[in-house]
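What the coordinates show
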Amino acid sequence: MDKKTIILQYVSRNPGVKSADIKVNMSRSSIGSYLRSLLDACKVCQDEDKGWYVKEGVEVNFVPAEQTPIDIAEECIRNMMRVK
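A short tour of the structure in this document, coming up. (Residues numbered from 1 in each chain as written. Predicted model: local features only at pLDDT ≥ 70, side-chain atom pairs only at ≥ 80, totals over all residues. Heavy atoms only, no water.)

Looking at the overall build of the chain
Per the secondary structure count, the chain includes three helices and two strands. Counted from the first residue to the last, the chain has its helices and strands arranged as α-α-β-β-α. Rg of the C-alpha trace for the chain: 15 Å, well past the compact-globule value of 12 Å for 84 residues, more than 25% over. Over its C-alpha atoms, taken along the principal directions, the chain stretches across nearly 45 × 25 × 25 Å. The buried share of the chain, reckoned over its 84 residues, is 20%. Of the charged side chains in the chain, 13 are positive and 12 negative, and the gap between their average positions amounts to 3 Å. (Helix = DSSP H or I, 4+ residues; strand = E, 2+ residues; numbered from the N terminus. Rg over C-alpha atoms; globule rule 2.2 N^0.38 Å. Buried < 20%, exposed > 50% of the residue type's maximum accessible area, 1.4 Å probe, protein only. Lys, Arg positive; Asp, Glu negative; His and termini not counted. Charge placed at Lys NZ, Arg CZ, Asp CG, Glu CD.)

As for the nonpolar core
Counting residues in hydrophobic clusters, the biggest one holds 14 residues, and the most contacted among them are Ile 7, Val 11, Ile 22, Val 24, Ile 31 and Leu 35. Broken down by secondary-structure element, the contributors of at least two residues to this core are helix H1 (3-13) and helix H2 (28-40). For this core, the element with the highest residue contribution is H1, accounting for four residues. With residues near it in sequence (within four places) discarded, Val 24 still touches Ile 6, Ile 7, Tyr 10 and Ile 31. (Core = buried A, V, L, I, M, F, W, Y, C linked by side-chain atoms within 4.5 Å. Contact = heavy atoms within 4.5 Å.)

Some words on the environment of Phe 62
Residue placement: Phe 62 occurs in the loop between strand S2 (52-54) and helix H3 (69-82). Dropping the residues within four chain positions of it, Phe 62 is found in contact with Gln 9, Ser 12 and Arg 13.

Quick word on H1
Turning to H1, its buried residues number three or more, namely Ile 7, Leu 8, Gln 9, Tyr 10 and Val 11. Residues of H1 that are buried sit in contact with H2, strand S1 (44-46) and S2.

See the structure below:
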């Protein structure tokens, strides 16, 4: 998947996230450069608190991530915790 798309999906799921808090297995400098290019393309914007948002009207296409065994285990644990 394209790295810009990964970051755009992350920001879409976490509106107001700061650059330093974006967790997508990339270096901080890479995240910063991709965010700048998304900003130049008018796909994201930043508020006065330096939080990132997807610009209104920008459609984010979510590509389903591959599920790892850890993801499946986490989902099972969450489901067990919900059962009362």
